[in-house]
Amino acid sequence: MVSRNTRPTVADIRAMKARGEKISMLYVTTLEEAAAADAAGIHMLSIEGRFFSQEMREAAGRCFVQVGLPYGGWGTFQGRPLATAEDYLRAAFHFAAMGGDCFYCAASYDIQKTLCDNHVPIVAHVGLIPSYITWTGFRAVGKTAGEATAVWRQVKQLEAIGCFGAELEVVPDRVGAFISKNTSMIMLGMGAGPGADAQYLFAEDVLGHTQGHRPRHAKTYRNFAAEYERLQNERISAFREFIADVRTGAYPAPQHNVAITDEEFARFMDQAKA
């Protein structure tokens, strides 16, 4: 069993699946979210490469961190989009040196295989794939036998090339359960039902400050949107009070100023007029 005093490894995550333990996973973007996830005992974090840093790794503490490798128009690494297997491999090694534990890659099978052949733990993506959304639109994938079979075949192909896991997004619950039970990969379920190996949500959905569309599978546990609105209103009020104090002379008050003795000020005046 993984001690919460140590970071889990790929082998530990696989052992959790083998024991039937449910894995908790969050997508985070800030140091505060990463630190809170660690303190709460979340097993896995997903962090995009553009947000990942040494400070993020430290904040994530004992969490197993999946770093998202940029794909096409979804981001760049060192100033340019990733295009070749060598580009992806370079990025993966860079983030591994910073403490990434596994790497999300939505590129082609040949690129994913190159990464796997170099012993890089790769998490692929099946079902609803945002970077391929033009082919499906934002909808559940796998509600027909043909689509469900296509998803299953993708999973087996990813397994064959050596992927560690795959995000399983917005597929019917029974399809998700069958796939998770019948593959050695770790299936990270996002709207894929309770049978997935992990339950994966965005921190913004959990905390209730989602911008734009809120997916059906999201569950909100706190209302940060109201708190953020309250804080913004407090910011505006504080700034207005500052403006008023500047206008009336209430700020700065004596306690905000640096004093000089009368003697030293008199000497300064003599020297300034000389």
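Above: the structure in question.
Treat the numbers as computed from the prediction; the structure is a model and nothing was measured.

**Student:** Now, about the nonpolar core: what can you tell me, with residues and values included?
**Tutor:** Counting residues in hydrophobic clusters, the biggest one holds 54 residues, and the most contacted among them are Leu 45, Leu 69, Phe 95 and Leu 115. Excluding anything up to four places from it in sequence, Leu 45 contacts Met 25, Leu 26, Val 28, Ala 34, Ala 37, Ala 60, Cys 63, Phe 64, Val 65 and Gln 66. Judged by nonpolar contacts, the second largest core, of 18 residues, contains Ile 23, Phe 64, Ile 186 and Met 190.

**Student:** Describe the state of the cysteines, and please don't skip the residues or the numbers.
**Tutor:** Applying the stated criterion across every chain yields a total of 0 disulfides. Not engaged in a disulfide, the cysteine Cys 63 finds its nearest cysteine sulfur in Cys 102; these two sulfurs lie 12 Å apart. A relative accessible area of 0% places Cys 63 in the buried class. For Cys 116, which is in no disulfide, the shortest distance to another cysteine sulfur is to Cys 163 and amounts to 4.0 Å.

**Student:** Got a sec to walk through helix H7 (residues 173–181)? Specific residues and values, please.
**Tutor:** Of the positions making up H7, those classed as buried are Val 175, Gly 176, Ile 179 and Ser 180. Take H7 and look down its axis: the buried residues cluster within an arc of 125°, on one side only. Opposite the buried face of H7, by more than 90 degrees, sit the exposed residues Arg 174 and Lys 181. The elements touched by buried residues of H7 are helix H1 (10–19), helix H6 (145–161), strand E6 (165–169) and strand E7 (186–190).

**Student:** Quick one: what's the story with the sheet that holds strand E5 (residues 122–127), residue by residue and with numbers?
**Tutor:** Overall, parallel pairing links the 8 strands, which are arranged E1-E2-E3-E4-E5-E6-E7-E8 in a closed barrel. Taking the axes of each pair of neighbouring strands and ignoring which way they run, one obtains an average angle of 30° across the sheet. Bridge analysis of strand E2 (residues 44–48) against strand E3 (residues 64–68) gives 5 bridges, and the strand direction is parallel. From the neighbouring strand, Glu 48 faces E3, where its bridge partner is Gly 68. Sheet strands in contact with H6 are E5, E6 and E7, and its direction is about 170° off that of E5.

**Student:** Can you explain the packing of aromatic side chains? Please cite residues and give values.
**Tutor:** Going through the model one piece at a time under the given rule, you end up with 8 aromatic pairs. Between Tyr 27 and Phe 202, the ring centres sit 4.2 Å apart and the planes meet at 15°, which makes this aromatic pair stacked. Separated by 175 residues along the polypeptide, Tyr 27 in strand E1 (residues 23–27) and Phe 202 in strand E8 (residues 198–202) bring together distant segments of the chain. Of the residues examined, Tyr 27 reaches a relative accessible area of 12% and is grouped as buried. Accessibility expressed as a relative area gives 26% for Phe 202, which makes it partly exposed. Ring plane angle 50° and centroid distance 6.0 Å describe the contact between Phe 64 and Phe 164, whose orientation is recorded as tilted.

**Student:** Residue-level account of the pattern of salt bridges, with values.
**Tutor:** One pass over the structure, following the stated rule, counts 14 salt bridges. The partner of Asp 101 in a salt bridge is Arg 57, and the shortest N-O contact between them spans 2.9 Å. One end of the pair, Asp 101, is in the loop between helix H4 (85–97) and strand E4 (102–104); the other, Arg 57, is in helix H3 (residues 54–60), with 44 residues separating them in the sequence. The same class applies to Asp 101 and to Arg 57, which are both buried. With a shortest N-O distance of 3.2 Å, Glu 264 and Arg 267 are connected by a salt bridge. Residue Glu 264 and its partner Arg 267 are both found in helix H10 (residues 262–273); the two are separated by 3 residues, about one turn of the helix.

**Student:** Pulling in residues and values, what's your account of unusual backbone geometry?
**Tutor:** For the bond running from Tyr 251 to Pro 252, omega is 0°, close enough to zero to count as cis. Along the chain, Pro 252 falls in the loop between helix H9 (224–248) and H10. Look at His 119: it is not a glycine, yet its phi comes out positive at around 65°. Mapped onto the secondary structure, His 119 falls in the loop between helix H5 (109–117) and E5.

**Student:** Just give me the short version of the pairing of E5, but keep the residues and values in it.
**Tutor:** Strand residues, when the strand is regular, have side chains that alternate between the two faces of the sheet. Burial within E5 is extensive, with 6 of its 6 residues counted as buried. Two elements, E4 and E5, share 2 bridges in a ladder whose sense is parallel. Looking at the pairing, Phe 103 lines up with Ile 122 of E5. Following the chain from E4 across H5 to the adjacent parallel E5, one finds a crossover that is right-handed. Remark: the E5/H6/E6 crossover connection has right-handed handedness.

Conventions used here
For every chain, the first residue of its written sequence is number 1, and the numbers climb from 1 along that sequence. Reporting of local features is limited, given that this is a predicted model, to residues whose pLDDT is at least 70; pairs of side-chain atoms are given and counted only at 80 or more, and all residues count toward the totals for whole chains, interfaces and linings. Side-chain measures were taken over the full set of non-hydrogen atoms in the model, leaving aside hydrogen atoms and water. To define a nonpolar core, start from buried Ala, Val, Leu, Ile, Met, Phe, Trp, Tyr and Cys residues and group those joined through side-chain atoms within 4.5 Å. A 1.4 Å probe rolled over the protein chains alone gives each residue an accessible area, and that area as a share of the maximum for its type sets the label: buried under 20%, exposed over 50%, partly exposed in between. Two residues form a contact once any of their heavy atoms are found within 4.5 Å. Two cysteine sulfurs form what is called a disulfide whenever their separation falls within 2.5 Å. The helix count covers DSSP runs of H or I at least four residues long, the strand count covers runs of E at least two residues long, and both are numbered beginning at the N terminus. Here the arc refers to the directions that run from the helix axis out to each C-beta atom. For two strands to be treated as a pair, DSSP must find at least two bridges joining them. The angle between two axes is taken between their N-to-C directions and runs from 0 to 180 degrees, where each axis is a line fitted to C-alpha atoms and a helix contributes only its stretch in contact. In this analysis, rings of Phe, Tyr and Trp, with Trp reduced to its six-membered ring, are considered paired at centre separations within 6.5 Å, and the interplanar angle assigns stacked below 30 degrees, edge-to-face beyond 60, and tilted for intermediate values. In what follows, salt bridge is the name for a side-chain nitrogen of Lys or Arg lying within 4 Å of a carboxyl oxygen of Asp or Glu. By the criterion used throughout, a crossover qualifies as right-handed when its path from the first strand across the helix to the second strand runs clockwise, the strands pointing away from the viewer.

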